[in-house]
Amino acid sequence: MSHALYPGSFDPVHRGHLDVVERASRIFDRVTVAVLENPSKNPVFTAEERVAFLQEAVGHLSNVAVIGFGGLTVECAKREGANVILRGLRAVLDFDYEVQTAMMNRHLEPSVETFFLLTKSRYAYISSSLVKQLAQFDAPLDDFVPPTVARALKRLSAPQA
Ligand code: ADP
């Protein structure tokens, strides 16, 4: 039984993330998307909000679950019974950091393998931070994030009365 843990901040989830989840759900028996609760990253959305956005977006995928987690990713993988850590790769920019993290995780827990899925080129330039910047300028967001996330971003960037 192959079970992949897909960890990340997902602040907020966007279509690049969702493409990775959908493709992974066809490769692995189970996929658990794990939302990092780490408040030191100063997320715009709470962990509960980020989990809820993801749960709505992956609801049609029967072998995908969404959880929140804190602490080490390998500990979370062991707790969940996942034998794979899954990460998405956009460009060379991601590569150094991802390789370093994967090697550290292998050192910490040799039984868990890291797999990388390359993003589709049409999603390669999407990132959560860029989407948040676009929202501040009231740009259309529907090409990049699910409708619920677009509405939440608009609310955040709307001028306060
Ligand atoms: P983190 O803070 O852990 O990098 P992110 O939410 O930014 O969390 O990303 C979670 C995962 O999704 C990472 O593996 C990241 O490389 C991947 N990812 C981010 N953006 C894209 C994209 N546009 N296409 C495919 N994968 C992506």
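For the structure itself, look to the data block above.
These numbers come from a predicted model, not from an experiment.

Scoring rules and cut-offs
- Residues numbered from 1 in each chain as written.
- Predicted model: local features only at pLDDT ≥ 70, side-chain atom pairs only at ≥ 80, totals over all residues.
- Heavy atoms only, no water.
- Near = heavy atom within 4 Å.
- Polar contact = N/O pair within 3.5 Å; in protein donor to acceptor, adjacent residues only side chain to side chain.
- 1 Å grid on protein atoms, 1.4 Å probe; cavity = no way out; pocket = protein on both sides within 12 Å on 5 of 7 lines; lining within 4 Å.
- Sits in = over half its atoms within 2 Å of the grid points.
- Helix = DSSP H or I, 4+ residues; strand = E, 2+ residues; numbered from the N terminus.
- Pairing = 2+ DSSP bridges.
- Axes fitted to C-alpha atoms, helices over the stretch in contact; angles between N-to-C directions.
- Contact = heavy atoms within 4.5 Å.
- Patch = residues over 30% accessible without salt bridge, like charges linked within 9 Å, V, L, I, M, F, W, Y side chains within 5 Å.
- Areas by Shrake-Rupley, 256 points an atom, 1.4 Å probe, with all protein chains shown as cover.
- Salt bridge = Lys/Arg side-chain N within 4 Å of Asp/Glu carboxyl O.
- Buried < 20%, exposed > 50% of the residue type's maximum accessible area, 1.4 Å probe, protein only.
- Right-handed = clockwise from strand over helix to strand, strands pointing away.

Trainee: Describe in detail the site of the ligand, supporting the description with residues and values.
Mentor: Around the ligand sit 17 residues, and of these Tyr6, Ser9, Lys41, Gly88 and Tyr123 come closest. With respect to the ligand, the backbone of Ile126 contributes an N or O atom lying 2.9 Å from a nitrogen atom. Taken atom by atom, the bulk of the ligand overlaps the largest pocket. Mapped onto the shell around the ligand, the elements with two or more residues apiece are strand 1 (3–8), helix 1 (15–27) and strand 4 (84–89).

Trainee: Pulling in residues and values, what's your account of the sheet that holds strand 5 (residues 113–118)?
Mentor: Strand order across the open sheet formed by five strands is 3-2-1-4-5, with parallel pairing between neighbours. Of all strands in the sheet, those with a lone pairing partner are strand 3 (64–69) and strand 5, marking the two edges. For this sheet, the mean angle separating the axes of adjacent strands, direction not counted, is 30 degrees. Across six bridges, strand 4 lies against strand 5 in parallel orientation. Among the inter-strand pairings, Arg87 is bridged to a residue of strand 5, identified as Phe116. Contacts from helix 2 (residues 47–57) reach strand 2 (30–36) and strand 3, with the element oriented near 150 degrees to strand 2.

Trainee: Summarise a nonpolar patch on the surface; cite the residues concerned and give the values.
Mentor: There is a patch of nonpolar side chains on the surface, built from Leu72, Met104 and Leu108 and spanning about 280 Å² of accessible area. Following the sequence through the fold, Met104 ends up in helix 4 (residues 92–108). The exposure class assigned to Met104 is partly exposed, which follows from its relative accessible area of 47%.

Trainee: Account for the pairing of strand 4, with residues named and values stated.
Mentor: The pairing of strand 1 with strand 4 spans two bridges and is classified as parallel. For Leu5, the partnering residue across the bridge sits in strand 4 and is Ile85. After leaving strand 4, the chain enters helix 4 and then returns to the sheet as strand 5, a path that is right-handed.

Trainee: Outline the environment of Tyr6, supporting the account with residue identities and numerical values.
Mentor: Positionally, Tyr6 belongs in strand 1. On a C-alpha basis, the gap between Tyr6 and Ala77 in space is 9.3 Å, while along the polypeptide they are 71 residues apart. Each residue touching Tyr6, except ones within four places of it in the same chain, is listed here: His17, Val20, Val21, Thr32, Val33, Ala34, Leu86, Arg87 and Gly88.

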